[in-house]
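Report on the structure
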Amino acid sequence: MVTAQMVKELREKTGAGMLDCKKALTETNGDMTAAEDYLREKGISKANKKESRIAAEGLANIYVDGTKAVILEVNSETDFVSKNEEFKSMIDTIGEALLKSDAKTIEEAEEVPCEEGTIKDLIVAKIAKIGEKLSLRRFEIVSLNADEVFGSYLHMGGKIASLVVLKGADESVAKDVAMQQAAMRPEYTFVSDIPEDVLEKEREIQKELAMNEGKPQDIAEKMVEGRMKKFYKEVCLVEQTFIKDNNVSVGDYVKNHGGEVVRAIRYEVGEGMEKRNDDFAAEVMSQVKGN
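**Looking at the overall build of the chain**
Per the secondary structure count, the chain includes 12 helices and eight strands. Buried residues in the chain amount to 42% of all 291 residues. In the chain, the proportion of contacts linking residues at least 24 apart, taken out of those at least 6 apart, comes to 61%. Surface summary for the chain: the accessible area is close to 16,200 Å², and the carbon and sulfur share equals 49%.

So, in structure tokens, the structure goes:
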């Protein structure tokens with residue numbers, strides 16, 4: 001059964017009209033992923049591929065010490081707590097402790113020493129004091145090789161953190177790339193990072209889209225690779241059009257400054273996590289109607 005909530009969710013993901021979303025879900029027996037593909041193949045969907053909805057609250061941050069940096073995300077239950085100075089101080093403590101470590105997993109990170117004993121001890125203590133569930137969701141420690149520089153950027157007070165490593169270019173260029181990554185949400189750094197199954201699925205969608213425009217199969221197949229280049233420009237950092245100069249790609253911008261992109265990491269708080277649905281008024285009304 002297709003529900004209003006399902007239609008609403010598909011509309012938010014794709015930007016398609018309500019009736020089109022309902023039809024897509026009906027045609028695909030309520031399969032959300034298949035419905036997204038259906039809309040794209042029919043040329044109805046206005047969005048290629050959106051990031052998962054922002055879910056949990058919290059902050060992301062970046063800490064740099066010479067040739068070593070750490071990017072991390074720490075979650076809280078509410079946005080109110082994420083703005084709390086004690087919460088921010090806890091993140092600083094975690095970041096500085098991780099900078100001195102070689103931790104690779106969350107389990108290893110939780111055992112890293114800090115002022116409260118370990119990072120895990122610190123989080124437990126803050127949970128008791130603040131009264132919300134807090135957690136270190138993810139982190140990555142990055143070290144520079146010779147002739148490499150960091151570029152970092154925080155957006156919306158730490159709702160988005162972007163860290164890049166360039167070789168052969170200076171920090172101002174790296175900062176520009178970090179800002180691009182934060183703003184444009186690339187899913188991959190290089191074309192080679194895209195999984196083969198994702199590429200095959202996209203090629204099939206583009207072929208179906210061309211055929212639904214009335215193109216013969218052989219022509220549609222020839223059109224696919226041209227359309228894939230557009231896909232790369234949307235999902236790959238180095239292929240994207242550089243926002244400060246629309247005449248070049250990000251990769252060419254860095255190359256023109258004597259460098260190349262080595263790595264890029266982007267954290268957006270809560271991405272891929274289920275958002276709390278705190279609609280108190282709706283909850284009260286449902287209880288009233290139930291009585």
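Continuing now.
**What about helix α8 (residues 171–184)?**
The end-to-end C-alpha separation of α8 is 20 Å, in line with the 20 Å expected for 14 residues at 1.5 Å each. Of the residues making up α8, those classed as buried are Val 173, Ala 174, Asp 176, Val 177, Ala 178, Gln 180, Gln 181 and Ala 182. Residues of α8 that are buried in the fold lie against β6 (148–155), β7 (160–167), α11 (250–256) and β8 (260–268). Two residues or fewer after α8 comes Arg 185, characterised by a positive phi angle close to 55°.

**What about unusual backbone geometry?**
Look at Asn 29: it is not a glycine, yet its phi comes out positive at around 55°. Mapped onto the fold, Asn 29 is located in the loop between α2 (18–27) and α3 (32–41). A residue is classified by how much of its surface remains accessible, and Asn 29, at 75% relative accessible area, is exposed. Its identity as a non-glycine residue notwithstanding, Arg 185 has a phi of 55°, on the positive side. Mapped onto the elements, Arg 185 comes out in the loop between α8 and α9 (196–212). Classification of Arg 185 by relative accessible area gives partly exposed; the value is 38%.

**Side note on the packing of α9 against helix α10 (residues 217–235)**
Axis separation between α9 and α10 bottoms out at 8 Å; the angle between their running directions is 125°. By the angle between their directions, the pair α9 and α10 is classed as oblique. Pair α9 / α10 crosses with right-handed handedness. When α9 is examined against α10, the residues Val 198, Leu 199, Glu 202, Arg 203, Gln 206, Lys 207, Leu 209, Ala 210 and Met 211 are found in contact with a partner set consisting of Gln 217, Ala 220, Glu 221, Met 223, Val 224, Glu 225, Arg 227, Met 228, Phe 231 and Tyr 232. Residues belonging to the contact of α9 with α10 are distributed by class as follows: 11 nonpolar, two polar and six charged.

**Brief notes about the sheet that holds β8**
What links the strands of a sheet is backbone hydrogen bonding, and the strands pair in either a parallel or an antiparallel sense. Judged by pairing direction, the sheet is antiparallel, and its three strands sit side by side in the order β6-β7-β8 without closing on themselves. Each edge of the sheet is formed by a strand with only one pairing partner; in this case those strands are β6 and β8. Strand after strand, the sheet turns through a mean of 10° between neighbouring axes, direction not considered. Strand direction decides the pairing type here: β6 and β7, joined by eight bridges, are antiparallel. Paired with Glu 148 across the two strands is Lys 167, which belongs to β7. Contacts from α8 reach β6, β7 and β8, with the element oriented near 40° to β6.

**Some points on the nonpolar core**
Ranked by size, the top nonpolar core spans 23 residues in total, and within it Leu 72, Ile 94 and Leu 98 carry the most contacts. Elements with a minimum of two residues in this core: β1 (57–65), β2 (68–76), α5 (85–99), α7 (119–130) and β5 (135–143). Broken down by element, this core gets its largest block of residues, seven residues, from α5. The residues touching Leu 72, leaving out its near neighbours within four places in the chain, are Leu 59, Ala 60, Asn 61, Tyr 63, Ile 91, Ile 94, Gly 95, Leu 98, Leu 136, Arg 138, Phe 139 and Tyr 267. Core analysis: the second largest hydrophobic core is formed by 17 residues, Val 173, Ala 178, Leu 237 and Ala 264 among them.

**Brief notes about the environment of Asp 170**
Looking at where Asp 170 falls in the secondary structure, it is placed in the loop between β7 and α8. Separated by 89 residues in sequence, Asp 170 and Gly 259 place their C-alpha atoms 8.2 Å apart. Reaching out from Asp 170, the side chain makes a polar contact with the side chain of Ser 172 at a distance of 2.6 Å.

Parameters and conventions
- Residues numbered from 1 in each chain as written.
- Predicted model: local features only at pLDDT ≥ 70, side-chain atom pairs only at ≥ 80, totals over all residues.
- Heavy atoms only, no water.
- Helix = DSSP H or I, 4+ residues; strand = E, 2+ residues; numbered from the N terminus.
- Buried < 20%, exposed > 50% of the residue type's maximum accessible area, 1.4 Å probe, protein only.
- Contact = heavy atoms within 4.5 Å.
- Areas by Shrake-Rupley, 256 points an atom, 1.4 Å probe, with all protein chains shown as cover.
- Expected span 1.5 Å × (residues − 1).
- Axes fitted to C-alpha atoms, helices over the stretch in contact; angles between N-to-C directions.
- Parallel < 35°, antiparallel > 145°, perpendicular 65-115°, else oblique.
- Left-handed = near helix turned anticlockwise from the far one by under 90°.
- Nonpolar A, V, L, I, M, F, W, Y, C, P; charged D, E, K, R; others polar.
- Pairing = 2+ DSSP bridges.
- Core = buried A, V, L, I, M, F, W, Y, C linked by side-chain atoms within 4.5 Å.
- Polar contact = N/O pair within 3.5 Å; in protein donor to acceptor, adjacent residues only side chain to side chain.

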